[in-house]
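These are the residues of each chain, in order.
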Amino acid sequence: MSTRTPVSIDGVVPWPADDARRYREAGYWSGRSLGSHIVEQVELHPDAEALVDGSIRLTYRQLWDRSASMGQALLNLDVEPGDRIVLQLPNSWEFVALTLGCFRIGAVPVMALPAHRRHELTHLAALSDAVAIVVADTDKDTDLRSTAQEVAAEVASVRAVLVHGDLSSGENTSTPEFSLADASTTIPSFSDADYDPAGEDVACFLLSGGTTGLPKLIVRTHDDYAYNIIRCNAISEITSDTVYLGALPSSHNFPLACPGILGTLFAGGRTVMLPSARPDRAFLAIDSESVTVATVVPAVAQSWIEYQREHGTLTGSSLRVLQVGGSRMPDELAARVEPVLGARLQQVFGMAEGLINMTRLNDDLEVITNTQGRPVSEADEIAVVDELGEPVDDGTPGALLTRGPYTPRGYFRAPEHNSRAFTADGWYASGDIVIRRPDGNLVVAGRDKDMINRGGEKISAEEVENFAYQVDGIEMAAAVAMPDPVLGERLCLYVSVAAGAHVTLDDVLAVMNSAGVARFKLPERLVVVDAIPTTKVGKLDKKAMREDIRTRLDADQEGNR
Ligand code: OOB
C-alpha cells in the first residue's frame, strides 16, 4: 500500500467519507496504485510478452522499462504528480508505455479520443488545465502537430507538445515540441517508491459521452479503477494465458480497462494492438497471435460476421470470447456470434462513468443473446425508476440509477451539471432506459438523454445544435438519431430557416469544420422543415422527429426499389 500523502486536485468530487471507509473495509479499495498491480507481473514473469504492436514485441520487463523512460521524460519537463496531460495517440505500444509512465509518477492522462480535433482538444486542455499535449504527427488527412500547437497557443497552461512520429519538418512550434521516440529512451533516474500514488489519487480522466455541450471529465482514482479492472478480469476470466486484441481506440474505457489492455496487464497476459478493427486485419492478427479475447462494438461485430460468412478465414480460431458493447446489440446479431465466429459472446453494457454490466461466459444462451448482463460487482447498486424517481417493478422499463465503489460521485469541475446528473444521495443517472429482468439481467430499452450513439461514438445533440445556430439563416435546430443498419444510429439535423433563406448540409459542415470539430459528430443528413415540432410544453419534440426521419428513410427505400 502506498504511504504517500494523496495529491489534491481542485474540482475533484470525492466519495463521501463513510462510503470510502466502507469500500476500504470491504477490500474493494486496496490503497494501491495501478502500477503496483502491474509491477507484480513484471516481477513474476519479466520475459513473458506483454505487448505486440506490429513488428514490435515487448516483454513485461521491456514495457516496464519504457514506461519508466516515458515517466522520466515527463519529470524532465517538470511535470509533477497531479498534473494533467492530454493524451491522444493511436493504438500503439507508446500509448501503453506513456499511460503507465503517467500512472507511475502520478501524472494524470486525459484520455482524448483519436477522432478529436482542435475544438475538443482545446476544451479538454482548458478544462483540465493540462501542462502538456501528446499527439501523433498526423492522422488521416490532419496535421495534428499543428493542431496541438494551436491548442497550446490557446490554453496558457500547456507548455509542451509531445509528438509520436515525424518531427523533422515544420517550423510552427511556438510551444516546445518533443519526440516521443526520444522520451522512450530517456534514462530513468526516479524511484517508484518516491512517487507511487496513493489509492485515492487520481489515475486518469476519462471522457463522458456527453449529453450537454462538450465532453465532461470523469475522474478515476487508482483505487476505483483498479477495482473496476479486477472485477472485469474476474467476470471475463482473464489470466496469464489470455491474448487480448486491442482494436478499438485504447482511450475508451471499454478497451482500456473493461478488462481491456490494463486488465490483461494485471493478469500477466499479452495484448496485441491494432490500429483498426477491420475484419481482414483483425482476423490475420487473431490467427497469427492466437488471440483469445477481443472487444468490439456491435457495428464491428456485424462486419466480422459478414466477413467470416464470405471468406471463412477463422476456421479453428483461437478466439474464445468476443466482448460486444458501447451501443445496443440487436438480439438477432447477438444470436449469430457464436455460430459464425465460434467465440462465446459477452455483452457489455458499461459507461466511462463507472458501472459495468456483463453477461457471464457460462450464462444460458438466452441470457447472452437477449440481455446486456448484470453488474460485475456485488457492491454495484442499481435502481430502475420512473419519472418521479420511484422504483419500478422488474420487467417494467425505467431510468437506470447506479452507485458503487467504481462509479464516481461527480464530474470534474462541473457543479451545475453534477446537480442534475447525480441525485442528492449520490446516485448517477446514466440516462439509459432499462428493463431489469427477474434474473437480475438488464436489457437496454432506450434512453432519456439527448445523445446520438453512432456505432458506440457518443454525440451530444446540444453540441451539434449549438453549431447549427451559427449558420446564417437557421432559426431553430434539432439533432436527432436516424436509424442505420450498420452503425445503429447516425446524426440527422432538423432545421427551420428564416423566410427566403436557403441552407444546405454543406453550410452546417462548413461551420463545424472551421471550428475543428471531430468528424464523427458531423450531421449526415439535413432536413429543412417549416417548423420544428415541439411538445405541449414547448420543448423540441425529438420523438416526433425520430419518427419522421424513419418514415422518410422508408420512403427513400421505396423510391429506390
Ligand atoms: C461505453 O462507455 P461510454 O461512456 O462511451 O458510453 C456509455 C453509454 C451508456 O450509458 C449507454 O447509453 C451506452 O453507452 N451503452 C450501451 C451499451 N454499452 C454502452 N447501450 C446499449 N447496450 C450496450 N451494451 O460505451 C462502455 C464503457 C465500458 C464498457 C462498455 C461500454
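Residues numbered from 1 in each chain as written. Predicted model: local features only at pLDDT ≥ 70, side-chain atom pairs only at ≥ 80, totals over all residues. Heavy atoms only, no water.

Moving on to the layout of surface pockets. By volume, the second largest pocket is sized at about 390 Å³. What lines the second largest pocket is a set of 23 residues, and nearest its centre among them are Val12, Pro14, Trp15, Glu200 and Thr221. Counting residues per element, the ones that place at least two in the lining of the second largest pocket are α1 (17-25) and β11 (217-221). (1 Å grid on protein atoms, 1.4 Å probe; cavity = no way out; pocket = protein on both sides within 12 Å on 5 of 7 lines; lining within 4 Å. Points joined across faces, edges and corners; volume = space filled by probe spheres on them. Helix = DSSP H or I, 4+ residues; strand = E, 2+ residues; numbered from the N terminus.)

As a further point, take empty space enclosed by the protein. Left-over empty space is what a probe sized like a water molecule reveals as it rolls over the atoms. Applying the stated criterion across every chain, the model contains one cavity of 30 Å³ or more. If you add up the space inside the largest cavity, you get close to 60 Å³. What lines the largest cavity is Arg4, Val7, Ile9, Pro81, Gly82, Gly106, Val108, Tyr195, Pro197, Asp201 and Val202. Considering only residue class, the lining of the largest cavity consists of seven nonpolar, two polar and two charged. (Nonpolar A, V, L, I, M, F, W, Y, C, P; charged D, E, K, R; others polar.)

With that settled, the discussion passes to the sheet that holds strand β18 (residues 374-375). The strand order β2-β1-β13-β12-β14-β15-β16-β17-β18 describes an open sheet built from nine strands, whose pairing is mixed. With partners counted over all chains shown, the strands left at the sheet margins are β2 (56-59) and β18, one partner each. As paired elements, strand β12 (residues 243-246) and strand β13 (residues 270-273) share four bridges and run parallel to each other. If you follow Leu245 over to β13, its bridge partner there is Val272. Sitting on the sheet, helix α9 (residues 222-236) is in contact with β15 (321-325), β16 (344-351) and β17 (354-358), with an inclination near 0 degrees to β17. Together, β1 (49-53), β12 and β13 form the strand contacts of helix α11 (residues 260-267), whose direction differs from that of β13 by roughly 150 degrees. (Pairing = 2+ DSSP bridges. Contact = heavy atoms within 4.5 Å. Axes fitted to C-alpha atoms, helices over the stretch in contact; angles between N-to-C directions.)

The next thing to look at is the packing of aromatic side chains. Each aromatic ring pair is described using two quantities: the centre-to-centre distance and the angle formed by the ring planes. All chains considered together, the criterion is met by twelve aromatic pairs. Taking the centre distance of 4.9 Å and the plane angle of 75 degrees together, the rings of Trp15 and Trp29 count as edge-to-face. In this pair, Trp15 is assigned in the segment before α1 and Trp29 in the loop between α1 and α2 (34-44), connecting sequence segments 14 residues apart. The burial state of Trp15 is the same as that of Trp29; both residues are buried. (Phe/Tyr/Trp six-rings, centres within 6.5 Å; stacked < 30°, edge-to-face > 60°. Buried < 20%, exposed > 50% of the residue type's maximum accessible area, 1.4 Å probe, protein only.)

As a further point, take the packing of helix α13 (residues 298-311) against helix α14 (residues 331-341). The relative placement of two packed helices comes down to the angle between their axes together with the axis-to-axis distance. Two numbers describe how α13 lies on α14: the axes approach to 10 Å, and their chain directions differ by 40 degrees. The angle between α13 and α14 places the two elements in the oblique class. Pair α13 / α14 crosses with left-handed handedness. Of the residues in α14, those touching α13 at Pro298, Gln302, Trp304, Ile305, Gln308 and Arg309 are Leu333, Arg336, Val337, Val340 and Leu341. (Parallel < 35°, antiparallel > 145°, perpendicular 65-115°, else oblique. Left-handed = near helix turned anticlockwise from the far one by under 90°.)

Another aspect to go through is unusual backbone geometry. Of the consecutive residues Cys258 and Pro259, the connecting peptide bond is found in the cis state with omega at -10 degrees. Position of Pro259 among the secondary structure elements: in the loop between α10 (253-257) and α11. Of note in this structure, Glu237 is not a glycine but carries a positive phi near 55 degrees. Tracing the sequence through the fold places Glu237 in the loop between α9 and β12. Located in the positive-phi region is Arg413, a residue other than glycine, with phi close to 45 degrees. Residue position: Arg413 is located in the loop between β20 (398-403) and α16 (415-421).

Now for the sheet that holds strand β22 (residues 442-447). If you trace the four strands from one edge of the open sheet to the other, you get β19-β20-β21-β22, paired in antiparallel fashion. Strand pairing shows two members of the sheet lacking a second neighbour, β19 (381-385) and β22, which therefore form its edges. Taking each pair of neighbouring strands and ignoring which way they run, the sheet shows an average axis angle of 45 degrees.

Around the ligand, the surrounding shell holds 20 residues, and the nearest of these are Val348, Ala352, Asp432, Lys449 and Lys458. Within the backbone of Arg328, an N or O atom sits 3.5 Å from a nitrogen atom of the ligand. Ala352 places a polar main-chain atom, nitrogen or oxygen, 2.9 Å from an oxygen atom of the ligand. The protein chains hide 94% of the 590 Å² of surface that the ligand would expose on its own. Those elements that provide at least two residues to the shell around the ligand are α10 and β16. The biggest single contributor to the shell around the ligand is β16, with four residues. (Near = heavy atom within 4 Å. Polar contact = N/O pair within 3.5 Å; in protein donor to acceptor, adjacent residues only side chain to side chain. Areas by Shrake-Rupley, 256 points an atom, 1.4 Å probe, with all protein chains shown as cover.)

Turning our eyes to something else, we now look at helix α18 (residues 505-514). Listing the buried residues of α18 in full gives Val508, Leu509, Val511 and Met512. In a view along the axis of α18, the buried residues occupy a sector of 160 degrees, so they form one face of it. In α18, the exposed positions that point more than 90 degrees away from the buried face belong to Asp506 and Ser514. Structurally, α18 contributes buried residues whose contacts are with α17 (461-468), β25 (474-484), β26 (488-497) and β27 (525-528). Directly after α18, the chain includes Gly516, whose backbone phi takes a positive value near 75 degrees. (Arc of directions from axis to C-beta.)

Residues Leu245, Leu262, Leu265, Trp304 and Leu322 are the most contacted members of the largest nonpolar core, which totals 124 residues. The biggest single contributor to this core is helix α4 (residues 93-105), with nine residues. Leu322 has contacts with Ala294, Val296, Ala301, Trp304, Val337, Leu341, Ala343, Arg344, Leu345 and Gln346, leaving out every residue within four places of it along the chain. With 26 residues, the next largest nonpolar core counts Leu121, Ala125, Val135 and Val151 among its residues. (Core = buried A, V, L, I, M, F, W, Y, C linked by side-chain atoms within 4.5 Å.)

What follows concerns the domain arrangement of the protein. Taken domain by domain, the protein comprises domain 1 (31-47 + 54-219) and domain 2 (451-559). Of note, the centres of domain 1 and domain 2, computed from C-alpha atoms alone, are 35 Å apart. Of the residues lining the interface, 13 residues belong to domain 1; the matching set on domain 2 comes to 16 residues. Of the roughly 1000 Å² buried where domain 1 meets domain 2, counting both sides, 50% is carbon and sulfur surface. One can count one salt bridge joining domain 1 with domain 2. Across the pair Lys521 and Glu120 runs a salt bridge, and its minimum N-O distance is 2.7 Å. Considered class by class, the residues forming the side of domain 1 that touches domain 2 number three nonpolar, seven polar and three charged. (Domains from an automatic or database assignment. Buried area = accessible area lost by both parts, 1.4 Å probe. Salt bridge = Lys/Arg side-chain N within 4 Å of Asp/Glu carboxyl O.)

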